[in-house]
Number of protein chains: 2
Amino acid sequence: MLHVAEAARVSVATVSALINGTATVSPELSQRIEQAIRDIGYKRNAIARSLKMGTTRTIGLTVPHITNPFFTDVVSVIQQAFDRAGYAVMLCCTDEDLNTQDDQIRLLLDRMVDGLIVARVGDGAILKGIVDDAKVPVVLLDRICEGVDTDTVVLDNERAVFDAITYLIDLGHRRIGYITGTSDISPMHDRMTGYRGALEAAGLPVAEELVRSGNFHEIDGYNATMQLLSLHDRPSAIFSANNPMVIGTMKAIRDIGLSCPEDISVACFDDFPWSDVFQPQLTTVAQPVQAIGEQAANLLLDRLAGNRDAPPRKLVLKGRLMIRNSCRPLGAVVQSVSA
Amino acid sequence: MLHVAEAARVSVATVSALINGTATVSPELSQRIEQAIRDIGYKRNAIARSLKMGTTRTIGLTVPHITNPFFTDVVSVIQQAFDRAGYAVMLCCTDEDLNTQDDQIRLLLDRMVDGLIVARVGDGAILKGIVDDAKVPVVLLDRICEGVDTDTVVLDNERAVFDAITYLIDLGHRRIGYITGTSDISPMHDRMTGYRGALEAAGLPVAEELVRSGNFHEIDGYNATMQLLSLHDRPSAIFSANNPMVIGTMKAIRDIGLSCPEDISVACFDDFPWSDVFQPQLTTVAQPVQAIGEQAANLLLDRLAGNRDAPPRKLVLKGRLMIRNSCRPLGAVVQSVSA
DNA sequence: TGACATGATCGAAACGTTTAGATTAGCGTT
DNA sequence: AACGCTAATCTAAACGTTTCGATCATGTCA
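Keep in mind that what you see is a predicted model, and the values were worked out from it rather than measured.

**As for the packing of aromatic side chains**
Thinking step 1. Throughout the structure, instances matching the rule amount to 13 aromatic pairs over all chains.
Thinking step 2. When the ring of Tyr178 of chain A is compared with that of Phe239 of chain A, the centres are 6.0 Å apart and the planes differ by 5 degrees; the resulting orientation is stacked. Here Tyr178 of chain A, found in strand S6 (residues 176-180), pairs with Phe239 of chain A, found in strand S8 (residues 237-240); they are 61 residues apart in sequence, far enough to count as distant.
Thinking step 3. A ring pair is formed by Trp274 of chain A and Phe272 of chain B, whose centres lie 4.5 Å apart and whose planes are at 5 degrees; its orientation type is stacked. One end of the pair, Trp274 of chain A, is in the loop between strand S9 (265-269) and strand S10 (283-286); the other, Phe272 of chain B, is in the loop between strand S9 (265-269) and strand S10 (283-286), on a second chain. The residues Trp274 of chain A and Phe272 of chain B share a single accessibility class, namely buried.

**Here we look at the packing of helix H4 (residues 46-53) of chain A against helix H4 (residues 46-53) of chain B**
Thinking step 1. With their axes 9 Å apart at the nearest point, H4 of chain A and H4 of chain B run at an angle of 140 degrees to one another. Here H4 of chain A is positioned oblique relative to H4 of chain B, judged by the angle of their axes. With respect to the hand of their crossing, H4 of chain A and H4 of chain B are arranged in left-handed fashion. Between H4 of chain A, through Ile47, Ala48, Ser50 and Leu51 of chain A, and H4 of chain B, the contact on the second element is made entirely by Ile47, Ala48, Ser50 and Leu51 of chain B.
Thinking step 2. Of the residues assigned to the contact of H4 of chain A with H4 of chain B, the class counts are six nonpolar, two polar and no charged.

**Some thoughts on the interface of chain B and chain A**
Thinking step 1. The interface of chain B with chain A comprises 49 residues on the first partner and 49 residues on the second.
Thinking step 2. Where chain B packs against chain A, one counts four salt bridges.
Thinking step 3. The residue Lys251 of chain B makes a salt bridge to Asp276 of chain A at a minimum N-O spacing of 3.8 Å.
Thinking step 4. Summed over the shared surface of chain B and chain A, the result is 17 residue pairs in polar contact (both at pLDDT 80 or more).
Thinking step 5. Elements represented by at least two residues in the side of chain B that touches chain A include exactly H4, helix H5 (69-84), strand S2 (88-93), helix H6 (98-110) and helix H11 (243-255) of chain B.
Thinking step 6. Here the element with the most residues in the side of chain B that touches chain A is H5 of chain B; it accounts for seven residues.

**Topic: the pairing of strand S4 (residues 138-141) of chain B**
Residues and elements named next belong to chain B.
Thinking step 1. Here S4 shows a buried face lined by Val138 and Leu140 and a second buried face lined by Val139 and Leu141.
Thinking step 2. As paired elements, S4 and strand S5 (residues 151-155) share three bridges and run parallel to each other. For Leu140, the partnering residue across the bridge sits in S5 and is Thr152.

**A look at the protein's contact with DNA strand C**
Thinking step 1. Taken together, 23 residues lie near DNA strand C, and Thr14, Thr24, Ser26 and Lys52 of chain A together with Ser16 of chain B sit nearest.
Thinking step 2. Atoms of DNA strand C within 4 Å of the protein: sugar and phosphate make up 73%, bases the balance.
Thinking step 3. Here a phosphate oxygen of DNA strand C sits 2.8 Å away from a polar atom, N or O, in the side chain of Ser16 of chain B.
Thinking step 4. The side chain of Arg49 of chain B places a nitrogen or oxygen atom 2.8 Å from a phosphate oxygen of DNA strand C.
Thinking step 5. Elements with a minimum of two residues in the surface near DNA strand C: helix H2 (12-20) and H4 of chain A together with helix H2 (12-20) and H4 of chain B.
Thinking step 6. For the surface near DNA strand C, the per-class residue count stands at ten nonpolar, seven polar and six charged.

About the cut-offs
Residues numbered from 1 in each chain as written. Chains lettered and ligands numbered in written order. Predicted model: local features only at pLDDT ≥ 70, side-chain atom pairs only at ≥ 80, totals over all residues. Heavy atoms only, no water. Phe/Tyr/Trp six-rings, centres within 6.5 Å; stacked < 30°, edge-to-face > 60°. Helix = DSSP H or I, 4+ residues; strand = E, 2+ residues; numbered from the N terminus. Buried < 20%, exposed > 50% of the residue type's maximum accessible area, 1.4 Å probe, protein only. Axes fitted to C-alpha atoms, helices over the stretch in contact; angles between N-to-C directions. Parallel < 35°, antiparallel > 145°, perpendicular 65-115°, else oblique. Left-handed = near helix turned anticlockwise from the far one by under 90°. Contact = heavy atoms within 4.5 Å. Nonpolar A, V, L, I, M, F, W, Y, C, P; charged D, E, K, R; others polar. Salt bridge = Lys/Arg side-chain N within 4 Å of Asp/Glu carboxyl O. Polar contact = N/O pair within 3.5 Å; in protein donor to acceptor, adjacent residues only side chain to side chain. Pairing = 2+ DSSP bridges. Near = heavy atom within 4 Å.

Okay, structure coming up:
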C-alpha cells in the first residue's frame, strides 16, 4: 500500500479510504490511485488488516471424520454457506479424540478465527472455557455438551431411533441387535435411549447381550456384528447407530455366509447417496444434512453480524426414516404401542 | 504480551525470547514470566506473528466437490498430514467452476497462505500467474495444467481406463458406452484417450453415439445413461469416468427396468467404501487415495521446509482395477490385443 | 468581508508480535 | 585498575493495515 501511495503521490490514508470507501476521495486522486494499484498489482494484505481490525473473516470447523458421509455433507454445506458470505473455513478433524479436539480449537483460536462450529464434541475443557469467556461465538453441531450454553443444532436422536426400532418391531422382529459408538457423547446416548424406549413401549425385554459398542469405525461394526451373529439365539435384525460401522455389519453378514434381508434385517443411522441404487437398499434414518448445515451456518453468521447478546438458541431437527428393502417382515405383524 | 511483560516486570523482548527460546533468559526471570503467563492466561496472537514473520503456517486446499468420495478421501489424508506438521488447512470447493476457483485462490493468497494444493484446476489464469511469480509453492493434484510448471501428482488416467475397457472387451463386450465429464480438464481427456485406445487396440470401431458427456453430477450421469439405453442398438456395457455420475447411471438402469449385470454391465472410475458390500458390487478403477494425498502433502511440506529451488517434480501413480461382479461375460470370450 | 461549514487530504498512532542492535553487569586477565 | 568478554536484558523499529484528529482550501451566508 505504501508503494501504491507513493506511485500515486498520495498518503496511505487516502489509498485506504478509496479501497474501503470509508471517505470520499476526489475523482482525480481516485484515478491516480486505481492506476497505481493496477500498475503495481497491489493486493491488500488480509493479515495486516486482521491484526488491525481484530477480525479475520475466517471460521473454524471441527468434525470427527470427514469421511463419515454425514459429516462430509454437513461440511460441504457449511463451507458453501460461508464461502457465499465471504468467509474462509479452516477445517480440522478430531478423530473422535478429545485431546486432539482441544488442541485444534486452541490452534484455531490462536489464529483468531471469528467463530467456531464444533461437531461431535465431548466434554472438552477448552471448549467450555471458550464459550464461557465469550471470546468468539461457538455453534455446537450434532451434540449437546454438558454445561456449555451456546447455540446448538442437533437431531432428535432419541425419537429417530425410537421410530426406526418401532418399525422393526412392527415388522415382527423381537430380538434386535444394536450397535452403538462409545456412549459418552450425546447422540450415541440419546439413540440408545430411543432403542430401549421402543423396546419397552412394545413390552419387549432389553437383552443386554444384543447391545454392542465400538469406536465408530468400520472394523468395530464388523467385530460387533460377528459377535451378535454368533450368539446362540441370534438377532433377526440389527440396527447400527453409526454409518461407517454399518459397512462392517454388511461385511460381517457376507463373510459369515448370510444374506440381508433374507437371513437378517439391517437398518442404520445416516443416509448416503448410494443407498437406493444397490441391493439391499438399506433402510436408514436420514438426517436433514442440508438443513443442519445451513442452520448452523446461519446461527453463526447471525452472531458474526453482531447479534452477540441474544440468548443461546437450540434447534432440534427431525430425522426421517427412509424405508427401503433391507428389513423383511417376520411372521405375523404385531402392532406395537407407539407414542 | 505487553501485559505479561508488565506483570513480570520485564520487557516484551524478554518475554518473546523466552517463549521462542531465541535467547537465554535467567531462571529467575523465566519463572516470573511463566507465572505471569499463567496468571493472565496469555496466548500468543498468531496473526500478529504472521504479519511480522511473513508466514501463517496455513495452507490452502481447493477441490471441486468434497462430496465426491475421491476428493473426500484425499482431503482427509491431506488434512491429517498438515495437522501433524502443525499447519492449518483452509478448504475451498470450486464446484468445477474456473472463476470460483480463481476467486478462492485469490482469497487464500490474500490471507497469506504459505502454500497451495489445487485439485482439478482448469486453465486458471490466476493460478498461472501465481506459479510464475513464485510467490508461494503450489502443488497440482489430479490434473495437469497447461503451461504451469510446478509440483504435480496425477494418476495415469489413460492407462487406468485402457485397462478397464480392455477388461470389458475381454469379457466379450463390443459396444461399450462411455460417460465422461467435460473434456476440458486433463483427467477426462486422458481417460477418453484410454477408452479410444483400448477399442482401437482391440480393432473395434469407436462409435461416437456411445460417448456422452455431462457435468460431473449424478443427474448428468442419469441423463447420459438414459440416452445410451434408448439407442436402438444399445451398449452391453457402460463405463462412467466419474464417480457421482455412476450413481445416475445405476438409477437410470433401475428406472428403465433393466438390471445390472444381467442386462447391462457397469464399471466406473473411483472406488468407494461401499463398493463391495452391496449388489451389484461395482467394478471400479481405484485410485491410491492415501498415496496421492500423502505425496501431495509431502511435496508441499518439502517446499515449505525451504527446498524452493528444486525443479518441479511430477509424480504419476497407477490406478488399480477392482474387479467385482457388475460386469458379466458376454458369449465367447475373445482375447484382445493388449499392450 | 469575515465567520463558518464542508469536503478532501494527510500525519501519526495503533494492532501484537519479532529482532537487530544498544546497554548493562559481572567476571577474569593482565 | 583498566580492559575486554560474555551473558542477560532492554529499546525501538518494523510488518501492512485502519482510523482519529488535524490541516487546509473552497464555497456560502449574513
